[in-house]
Amino acid sequence: MELPPSCFQSCLDFCPECGSVLPRPGPRSTIHCPRCAFALHSADFEGKAVRSTIEFNRLEPAAGRGLDPAPHLEGPLVERRCPRCGHEGMAYRTRQMRSADEGQTVFYTCPSCRFQEKEDS
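Residues numbered from 1 in each chain as written. Predicted model: local features only at pLDDT ≥ 70, side-chain atom pairs only at ≥ 80, totals over all residues. Heavy atoms only, no water.

Side note on the packing of aromatic side chains
To describe a pair of aromatic rings, you give the distance between the ring centres and the angle between the ring planes. Quick reminder of the rule: Two rings belonging to Phe, Tyr or Trp (six-membered ring only in the last case) form a pair when the distance between their centres is within 6.5 Å. Interplanar angles under 30 degrees mark stacking, angles over 60 mark edge-to-face geometry, and anything in between is tilted. The way it works is that DSSP assigns letters per residue, a run of H or I at least four long becomes a helix, a run of E at least two long becomes a strand, and they are numbered from the N terminus. In this scheme, the term charge over a ring applies when either NZ of a lysine or CZ of an arginine sits within 6 Å of the ring centre and within 35 degrees of the ring normal.
Under the criterion given, the structure shown has one aromatic pair. Between the aromatic rings of Tyr 92 and Tyr 108, the centroid separation amounts to 6.4 Å while the plane-to-plane angle is 45 degrees, which identifies the pairing as tilted. In this pair, Tyr 92 is assigned in strand E4 (residues 88-95) and Tyr 108 in strand E5 (residues 105-109), connecting sequence segments 16 residues apart. We note Arg 93 situated over the ring of Phe 107; from NZ or CZ to the ring centre the distance is 5.1 Å.

The following block contains the structure:
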């Protein structure tokens, strides 16, 4: 079976037609590109060493992984009485928890006793 010529020369790791990463050679005599179905003979891969590495990104300490003990206490204060301790003034923050066509959810936190409540606006 004669294979059609490719559009350009490339490394054997990539499809010479579309540039996609080729699967590793297996027991079959031809390797087919999963994207464009271009075929290469497995004999073209003889003597070629396949080597791969995985590198993980370092975890940044300031990536918001709960290292700050009270991030919800920061922010503006609103004139609202805490239902638990009666302290006047609660910090608030907003998040879009529901679909975009609905209002934001407001989270209130008492800076005195750290009581939290939410209000769907």
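Still to come is the rest of the account.
Here's the deal with the nonpolar core
Inclusion rule: For our purposes a nonpolar core is just a set of buried Ala, Val, Leu, Ile, Met, Phe, Trp, Tyr and Cys residues, chained together by side-chain atoms within 4.5 Å. Burial here depends on accessible area, computed with a 1.4 Å probe over protein chains only, as a share of the maximum for the residue type. Under 20% is buried, over 50% is exposed, and the range in between is partly exposed. Contacts are assigned to residue pairs with any non-hydrogen atoms lying within 4.5 Å of each other.
Membership of the largest hydrophobic core is limited to seven residues, which are Cys 15, Leu 22, Ile 31, Cys 33, Phe 38, Leu 40 and Phe 45. Excluding its chain neighbours within four sequence positions, the residues that come into contact with Ile 31 are Pro 23, Pro 25, Phe 38, Ala 39, Leu 40, Ser 42 and Phe 45. Of all hydrophobic cores here, the second largest spans five residues; its members include Cys 82, Met 90, Tyr 108 and Cys 110.

Digging into the pairing of strand E6 (residues 116-120)
Applied cut-off: A pair of strands is labelled paired if DSSP reports no fewer than 2 bridges between them.
The pairing of E5 with E6 spans five bridges and is classified as antiparallel. When the bridges of E6 are listed, Thr 109 appears paired with Gln 116. Linking two consecutive strands that pair antiparallel, namely E5 and E6, is a turn of six residues; a positive phi of about 65 degrees is found at Arg 114 within it.

Describing the pattern of salt bridges
Pairing between side chains of opposite charge can happen when the charged atoms of each approach one another. For clarity, the threshold we go by: Counted as salt bridges are all cases of a side-chain nitrogen of Lys or Arg within 4 Å of a carboxyl oxygen of Asp or Glu.
Evaluated as defined, the whole model comprises three salt bridges. A salt bridge links Arg 80 to Glu 117; the shortest N-O distance between them is 3.1 Å. Here Glu 117 lies in strand E6 and Arg 80 lies in strand E3 (residues 77-81), a separation of 37 residues in the sequence. The class for Glu 117 is partly exposed, based on a relative accessible area of 21%. We note a salt bridge from Glu 88 to Arg 81, for which the minimum N-O separation is 3.3 Å. Residue Arg 81 is classed as exposed on the basis of its relative accessible area of 54%. Within the structure, one salt-bridge network assembled from shared partners comprises Arg 80, Glu 117 and Glu 119.

Observations concerning the environment of Cys 15
Looking at where Cys 15 falls in the secondary structure, it is placed in the segment before strand E1 (30-32). Taking relative accessible area as the criterion, Cys 15 reaches 0% and is therefore assigned buried. Residues Cys 15 and Cys 36, 21 residues apart in the sequence, show an inter-C-alpha distance of 8.6 Å.

Quick look at the side chain of Thr 105
Inclusion rule: Polar contact is defined as a pair of N or O atoms within 3.5 Å, subject to the rule that within protein one atom must be able to donate a hydrogen and the other to accept it, and that residues adjacent in sequence are counted only when both atoms are side-chain atoms.
Tracing the backbone through its elements, the reader meets Thr 105 in strand E5. Accessibility expressed as a relative area gives 2% for Thr 105, which makes it buried. Side chain to side chain, Thr 105 and Asp 120 meet in a polar contact 3.2 Å long. Those residues in contact with Thr 105, other than ones at most four positions away along the chain, are Arg 93, Thr 94, Arg 95, Met 97, Arg 98, Lys 118, Glu 119 and Asp 120.

In short, the description is geometric, and any link to function would need to be established separately.
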